[in-house]
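# An overview of the molecular structure
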Amino acid sequence: QVQLVESGGGLVQPGGSLRLSCAASGGTLSNYAMGWFRQAPGMEREFVAAIIGNVTSTNRADSVKGRITMSRDNAKNTVTLQMNSLKPEDTAVYYCAVGRRRGWLPDRVDDFAYWGQGTQVTVSS
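Residues numbered from 1 in each chain as written. Predicted model: local features only at pLDDT ≥ 70, side-chain atom pairs only at ≥ 80, totals over all residues. Heavy atoms only, no water.

## Observations regarding the overall build of the protein
The number of helices and strands found in the protein is 0 helices and 11 strands. When the helices and strands of the protein are placed in sequence order, the string is β-β-β-β-β-β-β-β-β-β-β. Its C-alpha atoms give the protein a radius of gyration of 13 Å, near enough to 14 Å, the size a compact globule of 125 residues would have. Seen along its three principal axes, the alpha-carbon backbone of the protein occupies a region of about 40 × 25 × 25 Å. A total of 125 residues make up the protein; the buried ones form 39% of that total. Considering only contacts in the protein between residues 6 or more positions apart, those separated by 24 or more positions represent 60%. Both charge centroids of the protein, one from 13 positive and one from 10 negative side chains, sit 6 Å from each other. (Helix = DSSP H or I, 4+ residues; strand = E, 2+ residues; numbered from the N terminus. Rg over C-alpha atoms; globule rule 2.2 N^0.38 Å. Buried < 20%, exposed > 50% of the residue type's maximum accessible area, 1.4 Å probe, protein only. Contact = heavy atoms within 4.5 Å. Lys, Arg positive; Asp, Glu negative; His and termini not counted. Charge placed at Lys NZ, Arg CZ, Asp CG, Glu CD.)

Here it is, written out as structure tokens:
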């Protein structure tokens, strides 16, 4: 069974940066996409970014565009999400996930099979 553990969340001031990490265990995941989603209170879970191999897909909405970078270390089964110029609207629980299908880079919640417990990110002064 694949297990995902996120870390790196916390309280950060507007304009600051944060680096989230996700450690995966329980399977060989190098041929599966890994993604980041976020969910603010009362809102649907939102795609942030995903990666498979050297290909990255990021949310192109103005809300996150240009401020996030996702990377992956297959040898360590980890992914990271670097977020810069954080805004209060970035406040959410951030989740790491693994895609359902080998070799596919999806961006919908239903296309990811395994999820971590999430890490809280709060952007506030």
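The structure having been displayed, the exposition proceeds.
## Observations regarding the pattern of salt bridges
Opposite charge on two side chains permits them to pair, given that their charged atoms come into close proximity. Summed over all chains, the structure comprises 4 salt bridges. Taking the shortest distance from any N to any O, the salt bridge between Arg38 and Glu46 comes out at 2.8 Å. Residue Arg38 is classed as buried on the basis of its relative accessible area of 6%. The partly exposed category is assigned to Glu46, whose relative accessible area is 27%. The structure contains a network of salt bridges with shared partners spanning Arg38, Glu46, Arg67 and Asp90. (Salt bridge = Lys/Arg side-chain N within 4 Å of Asp/Glu carboxyl O.)

## Section: the nonpolar core
Formed by 26 residues in total, the largest nonpolar core has its most connected members in Trp36, Leu81, Met83 and Tyr94. Counting only elements with at least two residues in this core, the list comes to β3 (18-25), β4 (32-39), β5 (46-52), β7 (68-73), β8 (78-83), β9 (92-102) and β11 (119-123). Setting aside residues up to four positions removed in sequence, Leu81 forms contacts with Leu18, Arg19, Leu20, Trp36, Val48, Ala49, Ile68, Thr69, Met70 and Tyr94. In terms of nonpolar packing, the next biggest core, distinct from the first, is built from 5 residues, Phe37, Phe47, Ala50 and Ala97 among them. (Core = buried A, V, L, I, M, F, W, Y, C linked by side-chain atoms within 4.5 Å.)

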